[in-house]
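Chain residues, written in single-letter form:
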Amino acid sequence: AGGETAHRGRRDTVSKLLVALREIVGAQGVFTDEETRERFSFDALGPGRLFDRPELMECRVDVVVRSSTTEQVSRVVRLANEQGVAVVPYGGGTGVMGAVVPVRGGIALDMRAMDRILELRPADRQARVQPGVVLADLDREAEKFGLMVGHDPWSVSIATVGGAISTDGVGYLASKYGSMGAQV
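Calculation rules
- Residues numbered from 1 in each chain as written.
- Predicted model: local features only at pLDDT ≥ 70, side-chain atom pairs only at ≥ 80, totals over all residues.
- Heavy atoms only, no water.
- Patch = residues over 30% accessible without salt bridge, like charges linked within 9 Å, V, L, I, M, F, W, Y side chains within 5 Å.
- Areas by Shrake-Rupley, 256 points an atom, 1.4 Å probe, with all protein chains shown as cover.
- Salt bridge = Lys/Arg side-chain N within 4 Å of Asp/Glu carboxyl O.
- Helix = DSSP H or I, 4+ residues; strand = E, 2+ residues; numbered from the N terminus.
- Buried < 20%, exposed > 50% of the residue type's maximum accessible area, 1.4 Å probe, protein only.
- Pairing = 2+ DSSP bridges.
- Core = buried A, V, L, I, M, F, W, Y, C linked by side-chain atoms within 4.5 Å.
- Contact = heavy atoms within 4.5 Å.
- Polar contact = N/O pair within 3.5 Å; in protein donor to acceptor, adjacent residues only side chain to side chain.
- Arc of directions from axis to C-beta.

(A) Inspection of a nonpolar patch on the surface at higher detail. On the surface, a cluster of nonpolar side chains totalling about 490 Å² of accessible area is made up of Val96, Met97, Trp154 and Tyr172. Summarising the element assignment, Tyr172 is placed in the loop between helix 5 (161-166) and helix 6 (174-177). On the basis of relative accessible area, Tyr172 is assigned to the exposed category, the value being 61%.

(B) The pairing of strand 5 (residues 117-121), seen in detail. Here strand 5 runs beside strand 6 (residues 126-129); their pairing, made up of 4 bridges, is antiparallel. When the sheet's bridge partners are listed, Ile117 is paired in strand 6 with Val129. Remark: 4 residues form the turn of the hairpin made by strand 5 and strand 6, two consecutive strands paired antiparallel; Arg125 in that turn has positive phi of roughly 55°.

(C) The nonpolar core, seen in detail. Among the nonpolar cores identified, the biggest contains 19 residues, and Leu21, Val63, Val65, Val76 and Ile107 are the most heavily contacted of them. For this core, the secondary structure elements donating two or more residues are helix 1 (2-25), strand 2 (63-66), helix 3 (70-83) and strand 4 (107-110). For this core, the element with the highest residue contribution is helix 1, accounting for 7 residues. With near-sequence residues (within four places) excluded, Val76 lies in contact with Leu21, Ile24, Val25, Val65, Ser67, Ile107 and Leu109.

(D) Spotlight on the pattern of salt bridges. Following the criterion strictly, the structure yields 9 salt bridges and no others. With a shortest N-O distance of 2.9 Å, Asp110 and Arg112 are connected by a salt bridge. Here Arg121 ties to Glu119 by a salt bridge, and the two come within 3.7 Å at their closest N and O atoms. The partly exposed category is assigned to Arg121, whose relative accessible area is 32%. Overall, the relative accessible area of 28% leaves Glu119 in the partly exposed class. One salt-bridge network, held together by shared partners, links Glu119, Arg121, Asp124 and Arg128.

(E) How the structure looks around the side chain of Thr160. Among the structural elements, Thr160 can be located in the loop between helix 4 (135-143) and helix 5. Judged by relative accessible area, Thr160 falls into the buried class, the value being 4%. Among the polar contacts listed, one links the side chain of Thr160 to the backbone nitrogen of Gly92, at a separation of 3.5 Å. With sequence-adjacent residues up to four places away left out, Thr160 is seen in contact with Gly91, Gly92, Pro131, Gly132, Val133, Val134 and Leu135.

(F) Expanded view of unusual backbone geometry. Unusually for a residue other than glycine, Arg125 sits at a positive phi of about 55°. Residue position: Arg125 is located in the loop between strand 5 and strand 6. Looking at Arg125, the relative accessible area reads 69%, which means it is exposed. Backbone geometry places Asp168, a non-glycine residue, at a positive phi of 50°. Within the fold, Asp168 resides in the loop between helix 5 and helix 6. For Asp168, a relative accessible area of 39% puts it in the partly exposed group.

(G) Just helix 4, in detail. When helix 4 is considered as a whole, its buried residues turn out to be Leu135, Ala136, Leu138 and Ala142. The buried residues of helix 4 all sit within an arc of 160° when viewed along its axis, so they share a single face. On its buried face, helix 4 sits against strand 5, strand 6, helix 5 and helix 7 (180-183).

Structure follows, in structure tokens:
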């Protein structure tokens, strides 16, 4: 009976969380279907690389939230903190380190809608971008100024800046330019 009560309590907590999340990002930005939860509970990490943690294959996020503004991200993270719910930011899902694999439920915060290049400053070789900007898109824009992004993983056409930064990603140019974190 204790397990049933705990399960019911978790369901109630998730239901209240969903209502609050829909208020923040709108109903169109909150996903609870099995297929979406499955997709956002893994990256390109294969099951053979779960570092002797096969139980992680069974973990799924409770909800996927697609934020489109910094304010929404802030409000989602604040709500999750108040509720004691884990948040995993999600970029392109191309990582091979398992950085997005949830340990127990939580929120996958889909950053792909935040995909604007806000500013390119060729004179000091800096860019200000949102986390969902795809590396190849940023590289194409930088190329117009004779510049390039010094990070080129195999997944450059779908990997995001936010994901590369959050995992301190390395690509083929890392030996020359350093990891993504070093470049930031």
